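An overview of the molecular structure
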Protein chains: 2
Amino acid sequence: MSSQSFAATIEKLKAADREIVLLSHSSALLSWDQETYMPRRAIDERSAQLSLLQGLIHQRITAEDNRRMLDRLGCSADNPGGDASLADDDRAFLRQYQRRYQRAARLPQELVVKLAESTSRSQAIWAEARAADDYASFAPHLTTLLDLLLEVSDRIGYTEHPYDALLDQYEPFMLTSEVDRVFAELRAELVPLVKAIGAAPQVDAALLRREYPVQQQAAFGATVMQALGYDLERGRLDTSAHPFTTTLGAHDVRITTRYDPHFFNGAIFGTIHEVGHALYELGIDEKYHGSLLAEGTSLGIHESQSRMWENMVGRSRHFWHHFYPQLARLFPAALVDVNPESFYRAINRVEPSLIRVEADEVTYGLHIVLRFELEKALLSRTMTVAELPEAWRAGSRRLLGIEPRSDAEGVLQDIHWSMGGIGYFPTYALGNLYAAQFMRAIEAELPSLWDDVQRGEFAPLLNWLRVNVHAHGRARTAQELCSSITGSELSAAPFMDYLRAKYGDIYGLR
Amino acid sequence: MSSQSFAATIEKLKAADREIVLLSHSSALLSWDQETYMPRRAIDERSAQLSLLQGLIHQRITAEDNRRMLDRLGCSADNPGGDASLADDDRAFLRQYQRRYQRAARLPQELVVKLAESTSRSQAIWAEARAADDYASFAPHLTTLLDLLLEVSDRIGYTEHPYDALLDQYEPFMLTSEVDRVFAELRAELVPLVKAIGAAPQVDAALLRREYPVQQQAAFGATVMQALGYDLERGRLDTSAHPFTTTLGAHDVRITTRYDPHFFNGAIFGTIHEVGHALYELGIDEKYHGSLLAEGTSLGIHESQSRMWENMVGRSRHFWHHFYPQLARLFPAALVDVNPESFYRAINRVEPSLIRVEADEVTYGLHIVLRFELEKALLSRTMTVAELPEAWRAGSRRLLGIEPRSDAEGVLQDIHWSMGGIGYFPTYALGNLYAAQFMRAIEAELPSLWDDVQRGEFAPLLNWLRVNVHAHGRARTAQELCSSITGSELSAAPFMDYLRAKYGDIYGLR
């Protein structure tokens, strides 16, 4: 085939992709509005609008034409980038196009519909089951979902473990065995660290539960957001029940947060977290705009950005050295007897707790390890759905040293499984690992990094991330980024080093 | 054809229509967001999203299948409701479906594209021309637009006047000759009334230009909105540069307003006006929800609702008898030396002015008559685009007794022509006529109407409008509504009677 004919075929695929992206962003606006401003009674029609758009997107993704064109370009499961003579960016485009087509085309319409119906029903059942602390009423639905997810896995295909095919939706190209490897490291070192911290004198964090008026929280959040480089000509901050980031266009990446007047951490660290996600999507190279490459390359890498800004930067002494004086002026009553050091220690208090979303930076990983182990056991059929609550309690005891008194604060706490989101949890912890490993490279390349942060200068860090991570969008995989940035494969060691240094200092460990 | 087979075909059309409505509402959300919350730099991609959705909607409207199915049901231009054996609601549905299909199918794609390009260019040129007071730079674009609109008119077809085909987009089934008839009445009576008012001692309205803090304006607007029956579980109020109402679903009809801290009228009467539009769309019978019948039946009827609430109710003594005490509490400084009667007179001050959107209820109609006469002359080629500015000045002198000193405040003041919106203006004045004519019937059926208003009770009026106007959506045409409600065809007499009574009182005319 001539290179001219290659070019024409690629242009056709790019035009098709462009429409898919435009429809996806339109659909994302429908969802954003649903979470922020939509009047309550509009919900049924909004669901119908979303499902029509999702249907149109699915049609385009799985259109027969795609297979023919991809074949013509030499794309296959083994060689998704197509003919070796193609330019790198075209091969990167085709790799993702082929991947998206393949995953969608392998799932029969009937299975997709069954899964959608089942997850929609399960979510409602789960919400009731959690409220009533009644695992038994949720169990049969989880069983059905598991069967369907195993069928998905079979249809999509995997080489080592049925979990691979599910994980791959969220962390493309990563195998379960790799998660096994890094989580084993993580677990082996986290458990003793948490124990050591537990044996040290506890930090007092009561000051965070004083009165923090919402308006001042919002003003402070706006200051921080701007300082970090989030551009309100290309985004906006609203409030919603659950904070999220959504991309509605290359120049339209919005975030949300929520305010609690009696707890300081939620809004501000939530905002910094979402800003981290948004900066990633806003930093993608213009040449990829409007295409499927203009997205974060994996949820793990996405979390590496949000968690780096939230935890490594936003919960650092340097950060608060700069911002604490402003904070003290905004909340004179709440912070009257507080100094920067006691504030820093409070926001970094570590304590094993039952609820994942309230966990600190240290214990968080153990919540994820627990879920990953249970998900794998369910998918390999080495554990039944009936055995899950007891396995949860045992795992929680083993990993965190505490045990939920009810299923509501145990196995029923997260919405993910009811949404069919098995394979999603590991990405949260992978984000921490990527972040720490990247940070090592950054500190080596930017020796003045922490001095900059201490002066409220975040541009050097943001620019580094733009060039090395953000710009590439999905043109590089998570593995490729990790290897190009750090020269090695993913490891838990940098993260553990970071935790040991930071918390060794705070808790006076040797 | 069997009635069973009829039913199946109608179901197919309804399913197709359902998707068109869902896509239209999705597209409307993209537009709403663009005017309210969208970050500035998102505009280019938003345009691309909108144009893709518009294209999908157009494809569905003009799909070949439609013609075949409509034929099978006996629908034609002469008998748009189809076979006489069909149920009334089905015939009402088919009438609108056939009409929408016919109008779209008669316009070749090339013409639609040319018109879209031309109006997009013309709007930018018009904005510059108005800013620079340079009609000459806009004239050639208006000439091009006129040629295209005449081609549209030819393609769509008309019996009496090329203007018919354009007017029909906004005021379906109304002929230019009918507008001629009622506007002749209107003009003949308005001109002397305006003169008589001009000869009477003028009302002082300076109090409206005092300081009205925006937050209190918003609080007052919220109170009024709720009292009128606008349900925030099915709508919301936001701010935008130009106030509008938009329907995003049967239970999602949103309005916007804008605030000027130094002018009272804008926000509150703007809000009441848009509430009037919103109540109409929210009052449509559930059986029509999700179909093309769930819309206002014409722009004239739509304006009858917004103007009835804004002017006949919102600018009445009874209305302010109820609300003035609250107003005085909210704006103690601005209203310190004002009493309800002087306030009532101020908000009803009449004075011929150059700018339509700032005109009072009495002179407003003359602005519309001027535009209608010029539009007709342009379309019948009895006047050239070059002659338009002078014709504007002469018409303004003749109708309003004043003349613009520049084209910027004359012929260039409105955006409509640059958007190809010839035929739109008459609906504004038709709204006033419909409103006054309906109000006669309402007053006869609800003798306690004004006592209710005076007590802040708006439910009786709203319920009457729901049953007699709103519920029918597009299942009844404007003419059918007018005839079923008032027993006669549209006339300017009730509106003139209303104006003479109200302003005769305010200005002490005999």
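Everything numeric here is computed off the predicted structure, so don't read it as measured data. (Residues numbered from 1 in each chain as written. Chains lettered and ligands numbered in written order. Predicted model: local features only at pLDDT ≥ 70, side-chain atom pairs only at ≥ 80, totals over all residues.)

**Thoughts on the overall build of chain A**
- Assigned secondary structure in chain A consists of 20 helices and three strands.
- Expected size for 510 residues packed as a compact globule is a radius of gyration near 24 Å; at 23 Å, chain A falls within 12% of this value.
- Counting only C-alpha atoms and orienting by the principal axes, one finds that chain A spans roughly 75 × 50 × 50 Å.
- Counting the 510 residues in chain A, one finds 41% classified as buried.
- For chain A, the proportion of contacts with a sequence separation of at least 24, taken over those separated by at least 6, is 71%. (Helix = DSSP H or I, 4+ residues; strand = E, 2+ residues; numbered from the N terminus. Rg over C-alpha atoms; globule rule 2.2 N^0.38 Å. Buried ≥ 20, exposed ≤ 12 C-beta atoms within 10 Å, placed from the backbone. Contact = placed C-beta atoms within 7 Å.)

**A word on the sheet that holds strand 1 (residues 237–239) of chain B**
Residues and elements named next belong to chain B.
- Strand order in the open sheet formed by three strands is 1-3-2, and the pairing between neighbours is mixed. Looking along the sheet, the strands with just one partner apiece sit at the ends: strand 1 and strand 2 (245–249). Going across the sheet, the axis of each strand differs from the next one's by a mean of 30 degrees, ignoring polarity.
- In the packing of helix 10 (residues 265–282) onto the sheet, contacts are made with strand 1, strand 2 and strand 3 (252–257), and the angle to strand 3 comes to roughly 165 degrees. (Pairing = 2+ DSSP bridges. Axes fitted to C-alpha atoms, helices over the stretch in contact; angles between N-to-C directions.)

**Concerning the sheet that holds strand 2 (residues 245–249) of chain A**
All names here are of chain A.
- Strand order in the open sheet formed by three strands is 1-3-2, and the pairing between neighbours is mixed. Each having just a single partner strand, strand 1 (237–239) and strand 2 make up the two edges of the open sheet. Strand after strand, the sheet turns through a mean of 30 degrees between neighbouring axes, direction not considered.
- Pairing analysis gives four bridges linking strand 2 to strand 3 (residues 252–257), with the strands arranged antiparallel. Looking at the pairing, Gly249 lines up with Asp252 of strand 3.
- The sheet contacts of helix 10 (residues 265–282) involve strand 1, strand 2 and strand 3, and relative to strand 3 the element is tilted by about 165 degrees.

**A word on the interface of chain A and chain B**
- Residue-level contacts link 30 residues of chain A with 30 residues of chain B.
- Element by element, the count of residues in the side of chain A that touches chain B is highest for helix 1 (residues 3–36) of chain A, at eight residues.
- Split into classes, the residues belonging to the side of chain A that touches chain B amount to 14 nonpolar, six polar and ten charged. (Nonpolar A, V, L, I, M, F, W, Y, C, P; charged D, E, K, R; others polar.)

**Regarding the packing of helix 11 (residues 299–313) of chain A against helix 16 (residues 426–445) of chain A**
All names here are of chain A.
- Packing of helix 11 against helix 16 brings their axes to within 7 Å, and their N-to-C directions diverge by 65 degrees. Taken together, the axis directions place helix 11 and helix 16 in an arrangement best described as roughly perpendicular. Handedness of the helix 11/helix 16 crossing: right-handed. Two secondary-structure elements touch here, helix 11 through Leu299, Gly300, Ile301, His302, Glu303, Ser304, Ser306, Arg307, Met308 and Met312 and helix 16 through Thr427, Tyr428, Leu430, Gly431, Asn432, Tyr434, Ala435, Phe438 and Met439.
- Of the residues belonging to the contact of helix 11 with helix 16, the class tally is ten nonpolar, seven polar and two charged. (Parallel < 35°, antiparallel > 145°, perpendicular 65-115°, else oblique. Left-handed = near helix turned anticlockwise from the far one by under 90°.)

**Observations concerning unusual backbone geometry**
- The phi angle at Asp133 of chain A is positive, at roughly 50 degrees, despite the residue not being glycine.
- Along the chain, Asp133 of chain A turns up in the loop between helix 5 (109–132) and helix 6 (135–156).
- Take Asp133 of chain A: there are 13 C-beta atoms within 10 Å of it, and that puts it in the partly exposed class.
- With a phi close to 60 degrees, Arg381 of chain B is a non-glycine residue in the positive phi region.
- Locating Arg381 of chain B in the fold gives a position in the loop between helix 14 (364–379) and helix 15 (388–400).
- Note on Arg381 of chain B: 10 C-beta atoms within 10 Å, which makes it exposed.

**What about helix 3 (residues 64–72) of chain A?**
All names here are of chain A.
- Asn66, Met69 and Leu70 are the residues of helix 3 that are buried. Down the axis of helix 3, the sector holding all buried residues measures 100 degrees, keeping them to one side. Every exposed residue of helix 3 that faces more than 90 degrees away from the buried side is listed here: Glu64, Arg68 and Asp71.
- Of the surrounding elements, those touching the buried residues of helix 3 are helix 1 and helix 4 (88–105).
- Looking one or two places after helix 3, you find Gly74, whose phi comes out positive at around 80 degrees. (Arc of directions from axis to C-beta.)

**Digging into the packing of helix 8 (residues 176–199) of chain B against helix 14 of chain B**
All names here are of chain B.
- For the pair helix 8 and helix 14, the least separation of the axes is 10 Å and the interaxial angle reads 140 degrees. Here helix 8 is positioned oblique relative to helix 14, judged by the angle of their axes. Regarding helix 8 and helix 14, the two cross each other, and that crossing is left-handed. Along the contact surface, helix 8 presents Thr176, Val179, Phe183, Leu186, Arg187, Leu190 and Val194, while helix 14 presents Gly365, Leu366, Val369, Phe372 and Lys376.
- When its residues are assigned to classes, the contact of helix 8 with helix 14 shows eight nonpolar, two polar and two charged.

**Details of the relation of the copies chain A and chain B**
- Rotating chain A by 180 degrees and moving it 0.0 Å along the rotation axis overlays it on chain B with an RMSD of 0.0 Å. These values place the two chain copies in the arrangement generated by a two-fold rotation axis.
- Most of the interface of chain A is mirrored in chain B, where 100% of its interface residues are also at the interface. (Least-squares fit on C-alpha atoms with pLDDT ≥ 70 in both.)

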